[in-house]
Amino acid sequence: MAVGGRSTKRLQRGTLSQGLIVGTALRILDEDGPDALTFQRLGKELSASATAVYRYFASRDHIMVAVAEELDRISLEGYEPHESWIDSLRSLAIRAWNTALDHPAAAALCMGRVTRGVHELRAVDAVLEAFHRGGWRGRAAVLYYQAFSNFVLAMASNNAWRLVNQRFGAEVNWVQEYQPADPDAYPYAEAAKEHLRSVDMTEVFHRQVDILLAALEAEAQTFPRD
């Protein structure tokens, strides 16, 4: 018997796993948004009881940490450091942004969370490697790593919230569209109104990354390399 195209047959003992639960949680978030992810929904999708899911994850928060770790894995899939440390940072930034575009509900909820997992550690190490090759060491490298990571994750998760709100019907206005009674009082905004209304946030993010990396590259020239 099937409901909604999915079998209702119970999983065989030993079939359920953390990986299966996380993959299913990510799919639920992709399809139906943040509010859809519950233990009851997971049990239904997995043809298991909610109690069975609790054996692997004690709370929804624990699931979200695992989903955050999965986003790190997705972002890093196939990544290799570039010859240029600047290009490595650019690649890592764009990968995180694209992951948030592909999985906006998950990114909105948990991108930037500390997981202490192996994939998060891979991401931390990759960014630190790039800054090490750029010339930063010790505490300075950590400060720049944190500044870079905070910027990328904040921009990606903020855009993810915008996409989630647009898709799932929240009454939030994300379009910069202004109709002042006296347009002449705001000549610059009036001249740019068509561009403000239709700005592409991915294009904006790429430009932001370019600006940040140009500043880092210029600063790296001010101290000697090993």
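Residues numbered from 1 in each chain as written. Predicted model: local features only at pLDDT ≥ 70, side-chain atom pairs only at ≥ 80, totals over all residues. Heavy atoms only, no water.

1. Digging into the pattern of salt bridges
Applying the stated rule across the entire model yields twelve salt bridges. For Glu-45, the salt bridge identified is with Arg-41, shortest N-O distance 2.9 Å. With Glu-45 and Arg-41 both in helix H2 (residues 39-45), this residue pair falls four residues apart, about one helical turn. Residue Glu-45 is classed as buried on the basis of its relative accessible area of 13%. Taken together, the shared-partner salt bridges in this structure form one network comprising Arg-27, Glu-31, Asp-32, Arg-41 and Glu-45. (Salt bridge = Lys/Arg side-chain N within 4 Å of Asp/Glu carboxyl O. Helix = DSSP H or I, 4+ residues; strand = E, 2+ residues; numbered from the N terminus. Buried < 20%, exposed > 50% of the residue type's maximum accessible area, 1.4 Å probe, protein only.)

2. Concerning the layout of surface pockets
What the largest pocket holds in volume is close to 470 Å³. What lines the largest pocket is a set of 25 residues, and nearest its centre among them are Asp-72, Ala-123, Tyr-145, Ser-149 and Leu-153. Among the elements of the structure, helix H4 (60-76), helix H5 (85-102), helix H7 (118-134) and helix H8 (138-167) are those that each provide at least two residues to the lining of the largest pocket. Along the lines of polarity and charge, the residues of the lining of the largest pocket split into 16 nonpolar, five polar and four charged. (1 Å grid on protein atoms, 1.4 Å probe; cavity = no way out; pocket = protein on both sides within 12 Å on 5 of 7 lines; lining within 4 Å. Points joined across faces, edges and corners; volume = space filled by probe spheres on them. Nonpolar A, V, L, I, M, F, W, Y, C, P; charged D, E, K, R; others polar.)

3. Looking at the packing of H5 against H8
Packing of H5 against H8 brings their axes to within 9 Å, and their N-to-C directions diverge by 20 degrees. The angle between H5 and H8 falls in the class roughly parallel. Classified by chirality, the crossing of H8 by H5 is right-handed. Of the residues in H8, those in contact with Leu-89, Ala-93, Ala-96, Trp-97, Ala-100 and Leu-101 of H5 are Phe-148, Val-152, Met-155, Ala-156, Asn-159, Ala-160 and Leu-163. (Axes fitted to C-alpha atoms, helices over the stretch in contact; angles between N-to-C directions. Parallel < 35°, antiparallel > 145°, perpendicular 65-115°, else oblique. Left-handed = near helix turned anticlockwise from the far one by under 90°. Contact = heavy atoms within 4.5 Å.)

4. Notes on the nonpolar core
Within the largest apolar cluster, 55 residues are counted, with the highest numbers of intra-cluster contacts made by Leu-42, Val-67 and Leu-89. Among the elements that line this core, the one with the most residues is H5, at nine residues. (Core = buried A, V, L, I, M, F, W, Y, C linked by side-chain atoms within 4.5 Å.)

5. Details of the packing of H4 against H7
Packed helices, taken two at a time, are described by the angle their axes make and the gap between the axes. In contact at an axis separation of 8 Å, H4 and H7 are set at 50 degrees when each is read in the N-to-C sense. As judged from the angle between their axes, H4 and H7 are oblique. The way H4 lies across H7 gives a crossing that is left-handed. Residues Glu-69, Asp-72, Arg-73 and Leu-76 of H4 form the contact with H7, whose own contacting residues are Val-118, His-119, Glu-120, Arg-122 and Ala-123. For the contact of H4 with H7, the residue count by class is three nonpolar, one polar and five charged.

The quantities given are spatial measurements derived from coordinates; they are silent on function.
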